[in-house]
Amino acid sequence: MSAAITPSVGAPFARILSVGGYKPARVVANAEICERIDSSDEWIRERSGIIERRWAAPDESVADLATNAATVALDRAGIGAEQVGMVLLATVTHPYQTPSASAEVAARIGAVNAAAMDISAACAGFCYGVSLASDMVRGGSARYVVVVGVEKLSDWIDMDDRSTAFLFADGAGAVVIGPSEEPAIGPVVWGSDGDQRDAITMTQSLIDYKHEGGDIFPSLVMQGQQVFRWAVGEMSKACVRALDVAGVDAGDLDAFIPHQANMRITDAMVRALKLPEHVPVARDIAYTGNTSAASIPLAMEAMLESGEAPHGGTALIIGFGAGLVYAAQVVTLP
Amino acid sequence: MSQEILDGLAVIVNEVAGVPVEDVQSDKSFVDDLDIDSLSMVEVVMAAEDKWGVKIPDSEVKNLKTVGDAVAYIAANQ
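Computed from a predicted structure; not experimentally measured.

Trainee: Explanation requested: the interface of chain B and chain A in the structure shown.
Mentor: On the chain A side, the residues contacting the 6 residues of chain B number 9 residues. Among the elements that make up the side of chain B that touches chain A, the one with the highest residue count is helix 2 (residues 38-52) of chain B (5 residues). Of the residues contributing to the side of chain B that touches chain A, the split by class is 3 nonpolar, 1 polar and 2 charged.

So, in structure tokens, the structure goes:
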């Protein structure tokens, strides 16, 4: 006869307690990007909505960016670092196969009792983290979870590729997720489509580069129109499903915070969703660029700080990107 | 039939890119006359797919130079 095992006991619900961001100091204007590509400030603004972006310093690591954001989020949550049970870090730009960035971040923020792991879900990574964290808090495997979305994409851009050089940027955003008496994170709507894995990928693998070399270090490459079609068509449907399963009407939203992929994608999604005009839409990409996993928490923080979205308001968030993968949920803003 | 498609397409182009409906004529080039760039074109194509139940693959989109090209493609593949 098997022994009786005591199950873990979690909180009734989970919520986002706080958000904190970190943008690197260096502002990179479109003019600087155009020194390497045949383009113009006007073209970049028209095609992406990007006016400027931030790039980290050469000696600033993914873990550095993440630590800065997590420290702010933890401070705002008002809990001690030793209470954190898990650090989930979403990134595709940590330049070590192992060890993870999350373990370093956990140590540096003083989360001495935390487990730690990295998530590889590209631009959907933050929403994946929110979903996992919510389940951990409710399942009892962690009472407080720090979720960080962080990228240093400037390390992985081909500065001479006119279709991507202007797009990607660096930054970090973090939230603390903890117990709640009320539902504050809706059911996740997520999925993947590996048949479209070539839509956003690397020019070659690191192993091929090691053996065969080449003039250009492996860098990001994207089929823009294919991604645009998928994002506008399929992600709008995922947004509708996320609202539906959460039982929330689009008109009741206080903010729509899609991954800041491209302003044109955001505009087209808003049109496809027929989002009521009074719902504020995150447009942080204009001054932040596409920071992949970091874009949603950075945009969330910006909307709260500007007063565009209210603390305690209801937001729809959706991340989507390389894989292809996506995740969406309705959340109560911290 | 073609006139109906043309009228519907004009509404779509107007919604996506703000081009006046009356400017969307068969002989007009999406890029050169209507200033529809590749991303807006994808949006127009997707809306057309929904409206007329056709499939317009990315490989075909680049062949649709004029409004008339698009009308003819939709009419032939509906």
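Trainee: What exactly am I supposed to notice about the domain arrangement of chain A here?
Mentor: Often, the extent of an interface is quoted as the loss of accessible area upon association of its parts. All names here are of chain A. Here the domain parsing of chain A yields domain 1 (13-180) and domain 2 (189-332). The distance between the C-alpha centroids of domain 1 and domain 2 comes to 14 Å. Contacts between domain 1 and domain 2 engage 46 residues on the former and 43 residues on the latter. Those elements that provide at least two residues to the side of domain 1 that touches domain 2 are strand 1 (13-22), helix 2 (41-48), strand 3 (52-55), helix 5 (125-139), strand 6 (144-152) and strand 7 (170-180). A breakdown of the residues in the side of domain 1 that touches domain 2 according to their chemical character gives 24 nonpolar, 12 polar and 10 charged.

Trainee: Would you take a moment to explain the packing of helix 1 (residues 2-17) of chain B against helix 4 (residues 67-77) of chain B for this structure?
Mentor: If you want to describe how two helices pack, look at the angle between their axes and the distance between the axes. Residue and element names in this part refer to chain B. Interaxial distance between helix 1 and helix 4 falls to 9 Å at its minimum, and their mutual angle equals 120 degrees. Between helix 1 and helix 4, the angle falls in the class oblique. Seen from above, helix 1 lies across helix 4 with right-handed handedness. For the pair helix 1 and helix 4, contact is made by S2, I5, L6 and L9 and by V67, A70, V71, I74 and A75, respectively.

Cut-offs applied
Residues numbered from 1 in each chain as written. Chains lettered and ligands numbered in written order. Predicted model: local features only at pLDDT ≥ 70, side-chain atom pairs only at ≥ 80, totals over all residues. Contact = placed C-beta atoms within 7 Å. Helix = DSSP H or I, 4+ residues; strand = E, 2+ residues; numbered from the N terminus. Nonpolar A, V, L, I, M, F, W, Y, C, P; charged D, E, K, R; others polar. Domains from an automatic or database assignment. Axes fitted to C-alpha atoms, helices over the stretch in contact; angles between N-to-C directions. Parallel < 35°, antiparallel > 145°, perpendicular 65-115°, else oblique. Left-handed = near helix turned anticlockwise from the far one by under 90°.

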